[in-house]
Amino acid sequence: MSCDQCGTFNPESAMDYLPVQQLRQLQFSRLKARLHQAYSHVDLYRDRFDERGITDESINSLEDVSRLPFTVKADLRDSYPFGLFATPMRDVVRLHASSGTTGKPTVVAYTQDDVDVWTSVMVRTFAACGLHEGDIIQNAYGYGLFTGGLGAHYGAEGLGATVIPISGGNTDRQIMVMKDFGVSAICCTPSYFVHLLERAEELGVSVRELPIRAGIFGAEPWSDAMRRHAEKAGGIKAYDIYGLSEIIGPGVASECEAQEGLHIFEDHFYPEIIDPDTCEPVPDGEEGELVITTLSKRAMPVIRYRTRDITSVIAEPCRCGRTVRRIRRIGRRSDDMFIIRGVNVFPSQVESALLEVDGTLPHYQIILTREGGLDRMAVEIEVTGDYFSDRVGAIEELKGKLAHAIENTIGIRVDLRLVEPHTIERSQGKAKRVIDKREI
Ligand code: DLL
C-alpha cells in the first residue's frame, strides 16, 4: 500500500483502498446530494428530469443512475458561459475553459470545495505514480484556461513535493531546468516529452543520465509503442493519467505502479460504460463509451456526461491493492474516428503500426484529401537522419515496410511521405495528428 521508493503512504490515498461496500454507500449518498442540488439550481437538469418524471427522490440505488438523462458537450456549449452553474457566482473561486471544436469554448467552474477535491485527486494521482514528498516535479502542462497546468500544480504542492511551474514551451529552458534543478518527475503531454528528448539529444544532454525517474503523461491518446520509446530513451517510467475539463480536469483516473489500466477515483466520479450507438450499458470488460457522473462537484455538477472516450472497465482487482476500479487506456474517442473509403480509422492505430517499424520517429501527421471524389490518405512520418545520407535504396525499403504495416492494421493503402527529423510542426500541448482537407 505504500510507495515503493520511500515506503511512505499518502493519507489522501486512503480513499483508494476503501472496502467496496463502504465505497458504494459513499457514492450513493454523494449522488443523492448532488442530484438534489442540480435539480434545484440548474434549469437544464430540472427540465430534463421533469420531462421524464424523475425527481431526486426516484433514485434509490446507484444502478438507478442509468435512468437519468445524458449530458453532452453541446449542452455545455449551449449554456455558454454560466448556464450550468449550480452555485451563486460569489461561491465560484475559479473558471477554466476548454477549446471547443467550433466557436466558443466550454466553461467550467469550481468552488473552494471543488478545488480541494481536485487537489486531493491529483495528490492521489501522483502517489499512485510513485511520487511523494521531496520529489521535484517539473510541471510542463500549460498554465491558463487549460486545466492541466493548475490541476497538476495544486496536486504537486498538496503532495508535499517541490513544483516547478514552468508551463509548456521553451524547450531549451525545460532541458536546462530538468538538468540543473535535479528534477525527479515531469508532467506534460507524451508527445511533448518525446520532442523534449529529441531536443535534449541535440543539445548533448542525455536524459537517461539525469535523476528524472517518472513522466506523468496525459491529455491525449498515446500508444504502448510510444510509452516504450519514452521509457527507454528517457530512462523513466511513463504513467498514463486521464481527465477532462468538463468533469474536473486531470485527476479523474490514473495508472498506478502496475501500469495495467487506470484507477478511476470513483468516490468522486461515477463511471458507466455504454454502447455509443444504442446508449445501453455494456458489461465489464467490453469496450464502450465512458460516461461519468460527478459525485462531489458543487459549482458545476455534471450528470451522465458522455465523454466520447472509448474504454472498458477492468473488473479484476489490481495487484496494487486499490479497490477503486480500473479502466483500460484510452486509445481513441468515438469521434476522432475518420472514415476513408468506407473504412473506419483511428489515428492511434496508424501510430502503433508506424512505431513498430525500426527507423521511425514518433512524429507523424495524417493528411486526408479528396481527389475526383476519391478519399486519399497520406501519412507523413519522420525517420532517423541516417536514412537521408544518400541511401535511396534504404528509404524505399523502409517505405515498403511502413506501407505494409499500415495496410496490415487498417486494411487500406496510404501515400507515405518519409521526411527528415524536425519537418513536422511540434506542438507544445496536444499534438495535431489529423489534417482533414476534405470538404463535407
Ligand atoms: O486534457 C485534462 C488533462 C490534463 C488530462 C492533463 C490529463 C493530463 P481536456 O482538454 O478537456 O482536458 O481534454 C479532455 O482529452 O476527453 C480525452 O479525449 C483526452 N485525454 C485526456 N487524457 C487522456 C489520456 C484534459 N490519458 C480529453 N489518454 C478527453 C487519452 C486523453 N486521451
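Keep in mind that this is a model prediction, so the values were computed, not measured. (Residues numbered from 1 in each chain as written. Predicted model: local features only at pLDDT ≥ 70, side-chain atom pairs only at ≥ 80, totals over all residues. Heavy atoms only, no water.)

A. Looking closely at the packing of aromatic side chains. Inspection of the entire model under this criterion finds 5 aromatic pairs. Aromatic side chains Tyr110 and Trp118 sit 4.8 Å apart centroid to centroid with 10° between the ring planes, which places their arrangement in the stacked category. For the pair Tyr110 and Trp118, one class covers both residues: buried. Each residue in the set Phe193, Phe217 and Trp222 is aromatic and connected to the rest through ring pairs, giving one cluster. The ring centre of Tyr154 lies 4.9 Å from the NZ or CZ of Arg94, which sits over that ring. Sitting over the ring of Trp222, Arg329 keeps its end group 4.4 Å from the ring centre. (Phe/Tyr/Trp six-rings, centres within 6.5 Å; stacked < 30°, edge-to-face > 60°. Buried < 20%, exposed > 50% of the residue type's maximum accessible area, 1.4 Å probe, protein only. Lys NZ or Arg CZ within 6 Å of the ring centre and 35° of its normal.)

B. Main features of the site of the ligand. Taken together, 21 residues are adjacent to the ligand, and Asp240, Ile241, Ser245, Asp309 and Lys430 come closest. In the model, an oxygen atom of the ligand is placed 2.6 Å from a nitrogen or oxygen of the Asp309 side chain. Burial of the ligand by the protein amounts to 93% of the accessible area it has alone, namely 600 Å². Those elements that provide at least two residues to the shell around the ligand are helix 5 (147-159) and strand 7 (237-244). A total of 5 residues in the shell around the ligand trace back to one element, the largest contributor, which is strand 7. (Near = heavy atom within 4 Å. Polar contact = N/O pair within 3.5 Å; in protein donor to acceptor, adjacent residues only side chain to side chain. Areas by Shrake-Rupley, 256 points an atom, 1.4 Å probe, with all protein chains shown as cover. Helix = DSSP H or I, 4+ residues; strand = E, 2+ residues; numbered from the N terminus.)

C. Structural detail: the sheet that holds strand 12 (residues 305-311). Ordered in space as 10-11-12-15, the 4 strands form an open sheet in which the pairing is antiparallel. A single partner strand is all that each edge strand has here, and the edge strands are strand 10 (269-274) and strand 15 (332-333). Note that strand 12 and strand 15 share 2 bridges and pair antiparallel. Each bridged residue has a counterpart across the sheet, and for Ile310 the counterpart in strand 15 is Arg332. (Pairing = 2+ DSSP bridges.)

D. A look at the side chain of Gln138. Considering the arrangement of structural elements, one finds Gln138 in strand 3 (residues 136-139). Leaving out residues up to four positions away in the same chain, Gln138 has contacts with Ile164, Ile166, Gln174, Val177, Met178, Val183, Ala185, Ile186 and Cys187. (Contact = heavy atoms within 4.5 Å.)

E. Just the domain arrangement of the protein, in detail. Here the protein is described as being made up of domain 1 (1-331) and domain 2 (338-436). Each of domain 1 and domain 2 has a C-alpha centre, and the two are 30 Å apart. Facing 20 residues of domain 1, the contacting portion of domain 2 comprises 16 residues. Taken together, the two surfaces of domain 1 and domain 2 that pack against each other cover about 1400 Å², and 53% of this comes from carbon and sulfur. The interface formed by domain 1 and domain 2 contains 2 salt bridges. (Domains from an automatic or database assignment. Buried area = accessible area lost by both parts, 1.4 Å probe. Salt bridge = Lys/Arg side-chain N within 4 Å of Asp/Glu carboxyl O.)

F. Layout of the sheet that holds strand 18 (residues 360-371). Pairing is mixed in the open sheet, where 4 strands are placed in the order 20-19-18-21. Strands with a single pairing partner mark the edges of an open sheet, and in this sheet they are strand 20 (415-419) and strand 21 (434-436). Sheet twist, expressed as the mean angle between neighbouring strand axes with direction ignored, is 20°. Across 3 bridges, strand 18 lies against strand 21 in parallel orientation. Paired with Ile366 across the strands is Val434, a residue of strand 21. Sheet contacts for helix 9 (residues 347-355): strand 18, strand 19 (374-383) and strand 21; angle to strand 18, the most-contacted strand, approximately 130°. (Axes fitted to C-alpha atoms, helices over the stretch in contact; angles between N-to-C directions.)

G. Fine view of helix 6 (residues 171-180). Listing the buried residues of helix 6 in full gives Thr171, Gln174, Ile175, Val177 and Met178. Within helix 6, the buried residues cover an arc of 165° as seen down the axis, which keeps them to one side. Packed against the buried residues of helix 6 are strand 3, strand 4 (162-164), strand 5 (185-188) and helix 7 (190-202). (Arc of directions from axis to C-beta.)

H. Examining the environment of Arg333 more closely. One can find Arg333 in strand 15. According to the relative accessible area criterion, Arg333 is partly exposed, its value standing at 26%. Sequence-wise, Arg333 and Gly155 are 178 residues apart; in three dimensions their C-alpha atoms are separated by 27 Å. Discounting residues that sit within four places of it in the chain, Arg333 has contacts with Thr307, Arg308, Asp309, Ile310 and Phe346. At a separation of 3.1 Å, a polar atom in the side chain of Arg333 contacts the main-chain carbonyl oxygen of Thr307. Here the side chain of Arg333 touches Asp309 through a polar contact of 3.0 Å, side chain to side chain.

I. Focus on the nonpolar core. Grouped together as the largest cluster of nonpolar side chains are 69 residues, with contacts concentrated most on Phe126, Ile216, Tyr242, Phe269 and Ile327. If we ignore the near neighbours within four places in the chain, the residues touching Ile216 are Phe126, Cys129, Leu131, Tyr141, Ile186, Cys187, Cys188, Tyr239 and Ile241. (Core = buried A, V, L, I, M, F, W, Y, C linked by side-chain atoms within 4.5 Å.)

J. Looking closely at the packing of helix 7 against helix 8 (residues 224-234). It is the contact of helix 7 with helix 8, at a shortest axis distance of 10 Å, that shows an interaxial angle of 35°. The two elements helix 7 and helix 8 meet at a crossing, and its hand is left-handed. Contacts between helix 7 and helix 8 involve Pro190, Ser191, Phe193, Val194 and Leu197 from the first element and Met226, His229, Ala230, Ala233 and Gly234 from the second. Taken together, the residues that form the contact of helix 7 with helix 8 break down as 7 nonpolar, 3 polar and no charged. (Left-handed = near helix turned anticlockwise from the far one by under 90°. Nonpolar A, V, L, I, M, F, W, Y, C, P; charged D, E, K, R; others polar.)

K. How the structure looks around the pattern of salt bridges. Going through the model one piece at a time under the given rule, you end up with 33 salt bridges. As a salt-bridge pair, Glu255 and Arg227 come within 2.7 Å of each other at their nearest N and O atoms. A residue pair is termed long-range when its members are at least 10 positions apart, and Glu255 in strand 8 (residues 249-255) and Arg227 in helix 8 qualify at 28 residues. Each member of the pair, Glu255 as well as Arg227, is classed as buried. One salt bridge connects Arg304 with Glu272, and the closest N-O pair in it is separated by 2.9 Å. Here Glu272 lies in strand 10 and Arg304 lies in the loop between strand 11 (288-294) and strand 12, a separation of 32 residues in the sequence. Relative accessible area serves as the criterion here: at 4%, Arg304 is assigned to the buried category.

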